[in-house]
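Inside the fold
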Amino acid sequence: MSQYHKTGLLLRLNCRRDRWRIVIWIAVLAALMASVAAKFDGIYGTPHEIEAIRQTLASPGIVAMFGAFHFTGRVTTAEIFANEMLLFMALIQVIMNLTLSIHATRNDEDQGVTELIRAHTVGALAPLAAAMGELVIINGGLSVLYGLGLQLAHMPGATTSGNWLIGLGLGTTGLLFGTVGVLTAQLADHAASATGLAYALFGISYLARMITDVQHPQSTWWSPLGWIEKLSPYQQPNWTPVGLSLLLTFVVLGCAVFANAHRDLGSGALTTRPGRRTASPLLRGPLSLIWRQQRNIFIGWLLGITLFGVAYGTVFNTIGNILKTNPTMQQVFGRAMVHDANHQILLNFTSLLAIVMASVAVIPGLQLVLKLHTDETHGWLEALYARPLSRSRLLVSYVSSALGLSTVAYIGGLAGVIVTGNASLDHVQDGISTAEFWQTIAAQLPMIWVFLALGVGLVGWVPRIKALSWGYLALGFIAIYMGGLLQLPTWVQRLAPTGWMPRVPVHAVNWTTFSWMVALSVLVLFLGWLGYHRRDLQLR
């Protein structure tokens, strides 16, 4: 029997099972690309507007966020669009592909679905092939929708070849990282480890892209995520990144097929270390049980976010060195004023990084909050509830762990930025002070707590729509990350907690806003506890 027997049938079943997930992802991403492209002529349609944003995009801080692009000759609206949107859309598409690929492979294996399928006349590699087929369909469909949306937007300076190059470039980048998710699903022995490993590789690629963009732009070719910047769709279209992405996709897929064919079902090359024969006395409550089960994930997130901050800190001296390198500025304005100007540049960069770090720090905490309902529906909590354990105690254990994890991760990430950044500066007085560091911490912590409280509220009252918490976090991140460049109105940026607090440390902490955000998070947490205490448990 062929190793790929019944692949087509499994592909149809996967698409039917994931249809709403796929439709939502495709609709959101395609609509985002088309709507921003249609709006861009009104934002950056005049030569004055284009020249102003061109200077902004050339600054090292923006390069670190959005990538390094080179403009030659008369710059068009379409070129500004490619500069702002390519890397941003690639990041979202990578996240989508990692989520879908691990869900269709290792998660099905963990739940016993793959074992049931393999008990029938199905090829050993058919589930993996079906997962890859699903990724090809999704990314191929998005590529077509991107190209059509850009064609219909009629941006000044856009070309047909450039529009379709963007679509195919994003599609192949997403497919490449989706295949990376398929490979990590073969290496790890459960979905959480596979997800952590995949995001670690994604993070390494992002950090390599960011550091090389700021310091050595030509070295960005060594990062697969940096290839998307090299497309140059509306200047000199470069199809090399598309070919490289497809080539590396086949290489990674070959490794995944080899790993799948040489392992037992349910196992992985990176195995979980067996526990002790007898449990420690500390493992006598739900809080310690959560720590024992999730400690590797906790440590991974803490180290990952801290290293993420350290990498951003390494570009501080480049960002804060703009005025000091101009002797005329020093002669005209004096050294003190030049240092103040550089300090202000670093404050602005840190204020944006603080929101990025806080948004990233929400992710592990929100995963843990939503895991309460996942563990409940999988029946894993049935043994706990069979003992004299109250719902309140179990809920508090999950929520307190989530709050602690996200809080510590955010502090560690921002500390990595500030400590590394200050150490890299030629002049210490340009750096971020200890007082400014703690003000920045205080400004973003309530935002983290509100997002986690919302997750608790959904788990407590309407757990079936708990995924909306991820959509709300994405909305807040997009609004604040792209709000300035897209000139989004203030009310749009304030739809989520990311836009409620002033930009600290550029501005002082608004303690009134801080107070009512903390109060709001406490209120939503209480309502979530009330809902969880009253609703029926779903133990099967």
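Throughout what follows, the structure given in this document is the object of discussion. Computed from a prediction, not measured in an experiment: that's the story for all the values here.

The next thing to look at is the packing of helix H8 (residues 160–187) against helix H10 (residues 240–261). Helix-helix packing is described using two parameters, namely the angle between the two axes and the distance between the axes. Put simply, H8 and H10 touch, their axes get as near as 9 Å, and they point 20° apart. The angle between H8 and H10 falls in the class roughly parallel. The two elements H8 and H10 cross, and the hand of that crossing is left-handed. Together, Leu-165, Leu-168, Gly-169, Thr-172, Thr-173, Leu-175, Leu-176, Thr-179, Val-180, Val-182, Leu-183 and Gln-186 of H8 and Val-242, Ser-245, Leu-246, Leu-248, Thr-249, Val-252, Leu-253, Cys-255, Ala-256, Ala-259 and Asn-260 of H10 make up the contact between the two elements. Here the contact of H8 with H10 is built from residues that sort into 15 nonpolar, eight polar and no charged.

As for its placement among the helices and strands, Ser-515 is situated in helix H20 (residues 511–534). Owing to a relative accessible area of 44%, Ser-515 belongs among the partly exposed residues under this scheme. Linking Ser-515 and Pro-446, residues 69 residues apart in sequence, is a C-alpha distance of 8.5 Å.

The next thing to look at is the pattern of salt bridges. Per the counting criterion, the structure on display carries eight salt bridges. Where Arg-106 meets Glu-109, a salt bridge forms, and the shortest distance between an N and an O atom there is 3.5 Å. Pair noted here: Arg-106 and Glu-109 are both in helix H5 (residues 77–110), with a separation of three residues, about one helical turn. The exposure class of Arg-106 is buried, given its relative accessible area of 0%. Of the charged contacts, one joins Glu-376 and Arg-535 as a salt bridge, the two residues approaching to 2.9 Å between their closest N and O atoms.

This part is about empty space enclosed by the protein. Within this structure, the stated rule accounts for one cavity of 30 Å³ or more. For the largest cavity, the calculated volume is near 80 Å³. For the lining of the largest cavity, the secondary-structure elements that each account for two or more residues are helix H1 (7–17), H5, helix H6 (113–118) and helix H7 (126–153). Top element by residues in the lining of the largest cavity is H6. It accounts for three residues. Partitioning the lining of the largest cavity into residue classes produces six nonpolar, two polar and one charged.

It is worth spelling out helix H3 (residues 47–57) at this point. Of the residues making up H3, those classed as buried are Ile-50, Ile-53 and Leu-57. End-on, the buried residues of H3 take up no more than an arc of 75°, which puts them together on one face. Opposite the packed face of H3, turned more than 90 degrees from it, sit the exposed residues Pro-47 and His-48.

For any pair of aromatic rings, the description rests on two quantities: the centre-to-centre distance and the angle between the ring planes. Under the definition given, this model contains 13 aromatic pairs. Arranged with centres 5.9 Å apart and planes meeting at 45°, the rings of Tyr-206 and Phe-308 form a pair that is tilted. Placement of Tyr-206 in helix H9 (residues 191–215) and of Phe-308 in helix H11 (residues 286–313) is noted, with a sequence separation of 102 residues between them. Accessibility expressed as a relative area gives 7% for Tyr-206, which makes it buried. The class of Phe-308 is buried, set by a relative accessible area of 15%. By the ring-pair criterion, three or more aromatic residues cluster together here, those being Tyr-206, Phe-308, Tyr-312 and Phe-349. Sitting above the plane of the Tyr-206 ring, Arg-209 keeps its charged end 4.8 Å from the centroid.

In this section: the packing of helix H17 (residues 434–461) against H20. Two elements in contact, H17 and H20, have axes whose closest approach is 8 Å; the angle formed by their N-to-C orientations is 20°. Taken as axis vectors, H17 and H20 run roughly parallel relative to one another. H17 and H20 meet at a crossing whose hand is left-handed. Tallied by class, residues from the contact of H17 with H20 come to 21 nonpolar, five polar and no charged.

One can find Asp-375 in helix H14 (residues 335–377). Contacts of Asp-375, omitting those with residues within four sequence positions, involve Trp-380, Leu-381 and Tyr-398.

Rules used in this analysis
- Residues numbered from 1 in each chain as written.
- Predicted model: local features only at pLDDT ≥ 70, side-chain atom pairs only at ≥ 80, totals over all residues.
- Heavy atoms only, no water.
- Axes fitted to C-alpha atoms, helices over the stretch in contact; angles between N-to-C directions.
- Helix = DSSP H or I, 4+ residues; strand = E, 2+ residues; numbered from the N terminus.
- Parallel < 35°, antiparallel > 145°, perpendicular 65-115°, else oblique.
- Left-handed = near helix turned anticlockwise from the far one by under 90°.
- Contact = heavy atoms within 4.5 Å.
- Nonpolar A, V, L, I, M, F, W, Y, C, P; charged D, E, K, R; others polar.
- Buried < 20%, exposed > 50% of the residue type's maximum accessible area, 1.4 Å probe, protein only.
- Salt bridge = Lys/Arg side-chain N within 4 Å of Asp/Glu carboxyl O.
- 1 Å grid on protein atoms, 1.4 Å probe; cavity = no way out; pocket = protein on both sides within 12 Å on 5 of 7 lines; lining within 4 Å.
- Points joined across faces, edges and corners; volume = space filled by probe spheres on them.
- Arc of directions from axis to C-beta.
- Phe/Tyr/Trp six-rings, centres within 6.5 Å; stacked < 30°, edge-to-face > 60°.
- Lys NZ or Arg CZ within 6 Å of the ring centre and 35° of its normal.

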